[in-house]
Amino acid sequence: MDMVVQNIENFSRRRSQRPFLSIVAPCYNEEACLPEFYRRVTDAGRQAASEDYEIIFVNDGSRDRTREVMETLVASDPHVVAINLSRNFGHQLALTAGLQACSGARILIIDADLQDPPELLGAMMRKIDEGADVVYGRRSTREGETRFKVLSAKLFYRLLRTMIDVDIPADTGDFRLITRRVLDRLNSMPEHHRFIRGMVSWIGLKQVPLDYERDPRFAGTTEYPLLKMLRFAVDAVTGFSVTPLRTASFLGVALGLGSLMMVIYTLGSWLTGSTVDGWTSLTTIVLIIGSAQLVTLGVIGEYLGRLYMESKQRPLFIVDNVVSQQSSTPIRYDS
Ligand code: UDP
Ligand code: MG
């Protein structure tokens, strides 16, 4: 079968028929997982939608043979579409690329590493049949993940929930089945610093959980080292809350009250004539106030930086090309 390589705009416009189901999976260095993932996701897709499904793989600038593996899959199966990004843009943006290109009435968002079992699709479908707009996977166990990751994730979600107005459920990832009307709203949100699970929650409508056990990675390693996780956490907080910007006020009031007591103490010391010592207290005070100022400046900087990046209005990602079997006139767009 001929493969067709084209640009993403053409790709979305050319598709006259919408499939019932789109399965979207971002992939970064997943050559070892892909064949097995493809097999299981195809089974699940067939069962849920017979032939009426598409599988969209987004290759997020992988450095291994992910691209070649994807192209083999495309060549052998008309359901498969491979989107190659121009470089690594990160999980959330790669997912966004897939979500903008897919055209199904229902959309399954799933990681390619098989941590989220594709077999849950059937159960998710039933919940949508019953009227839900979003069915999100809620993890009851996280096998194969370090205790630190589980604990930090737990802590983070609890903290996040105290800071934001949107109800982002704890212990969820991006694994979910959503309806077209939810996806259209999601695709219309232009922000660069994306925290997709939160954005979906923000949309509202009827969102229901589906509990499942999260499996260990099928192969390969997680591409979310601690630093990246932290950055993701900051994206989540700043994307949904301005509470941190109020740190300055909180700290100001707290330190102000402290200062008031210090003033009384200082005046008392002056009155009783014992005023020379005090290097320790003075240094402590200078240090505390100095770090409080730096912290609040840092928080303001986080928001200002985001404001700056958003104000550039750059595209979210760059597509190298889209590879599929679906076109009569091939267009090459891969320079
Ligand atoms: N991923 C991606 N770009 C990246 C990092 C990850 O597209 O820069 C994909 C990865 O291939 C996987 C999913 O995003 O399908 C989740 O990544 P990972 O399993 O490393 O994260 P974790 O499950 O540990 O949160
Ligand atoms: Mg994973």
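Notes on the structure follow.

What counts and what doesn't
Residues numbered from 1 in each chain as written. Chains lettered and ligands numbered in written order. Predicted model: local features only at pLDDT ≥ 70, side-chain atom pairs only at ≥ 80, totals over all residues. Heavy atoms only, no water. Salt bridge = Lys/Arg side-chain N within 4 Å of Asp/Glu carboxyl O. Helix = DSSP H or I, 4+ residues; strand = E, 2+ residues; numbered from the N terminus. Buried < 20%, exposed > 50% of the residue type's maximum accessible area, 1.4 Å probe, protein only. Expected span 1.5 Å × (residues − 1). Arc of directions from axis to C-beta. Phe/Tyr/Trp six-rings, centres within 6.5 Å; stacked < 30°, edge-to-face > 60°. Lys NZ or Arg CZ within 6 Å of the ring centre and 35° of its normal. Donors = N, O, S within 2.8 Å, 3.2 Å for Na, K, Ca; no water. Polar contact = N/O pair within 3.5 Å; in protein donor to acceptor, adjacent residues only side chain to side chain. Pairing = 2+ DSSP bridges.

### Some points on the pattern of salt bridges
Going through the model one piece at a time under the given rule, you end up with 13 salt bridges. In this structure, the salt-bridge partner of Glu119 is Arg40, at a minimum N-O distance of 2.9 Å. Residue Glu119 is located in the loop between strand 5 (106–109) and helix 5 (121–129), and its partner Arg40 is located in helix 2 (residues 34–49); the two are separated by 79 residues in the primary sequence. Given a relative accessible area of 47%, Glu119 falls into the partly exposed group. Its relative accessible area of 18% is what places Arg40 among the buried residues. When salt bridges that share partners are traced, they join Glu36, Arg39 and Asp43 into one network.

### Focus on helix 6 (residues 147–163)
Taking 1.5 Å of rise per residue, 17 residues should cover 24 Å, and helix 6 covers 25 Å from first to last C-alpha, within 8% of that figure. Among all positions in helix 6, only Ala153, Phe156, Tyr157, Leu160 and Met163 are buried. Down the axis of helix 6, the buried side of the element spans an arc of 125°, and every buried residue falls inside it. Exposed and oriented more than 90 degrees from the buried face of helix 6 are Arg147, Leu151, Leu155, Leu159 and Thr162.

### A few points about the packing of aromatic side chains
Within the structure shown, the criterion is met by 2 aromatic pairs. We note Arg87 situated over the ring of Phe89; from NZ or CZ to the ring centre the distance is 3.9 Å.

### Topic: the coordination of the magnesium ion (ligand 2)
In this structure, Asp113 (OD) and Gln115 (OE1) serve as the protein donors to the magnesium ion (ligand 2), at separations of 1.8 to 2.0 Å. Considered together, Asp113 and Gln115 belong to a single accessibility category, that of buried residues.

### A closer look at the side chain of His91
Summarising the element assignment, His91 is placed in helix 4 (residues 91–101). A polar contact of 3.5 Å, which involves the side chain of His91, links it to the side chain of Asp111.

### Notes on the pairing of strand 5
Here strand 5 shows a buried face lined by Arg106 and Leu108 and a second buried face lined by Ile107 and Ile109. When strand 2 (residues 21–27) meets strand 5, the two strands line up parallel, connected through 4 bridges. Note that in strand 5 the partner of Ile23 across the bridge is Leu108. When strand 5 meets strand 7 (residues 172–179), the two strands line up antiparallel, connected through 4 bridges. Within strand 7, the position partnered with Ile109 by the bridge is Arg176.

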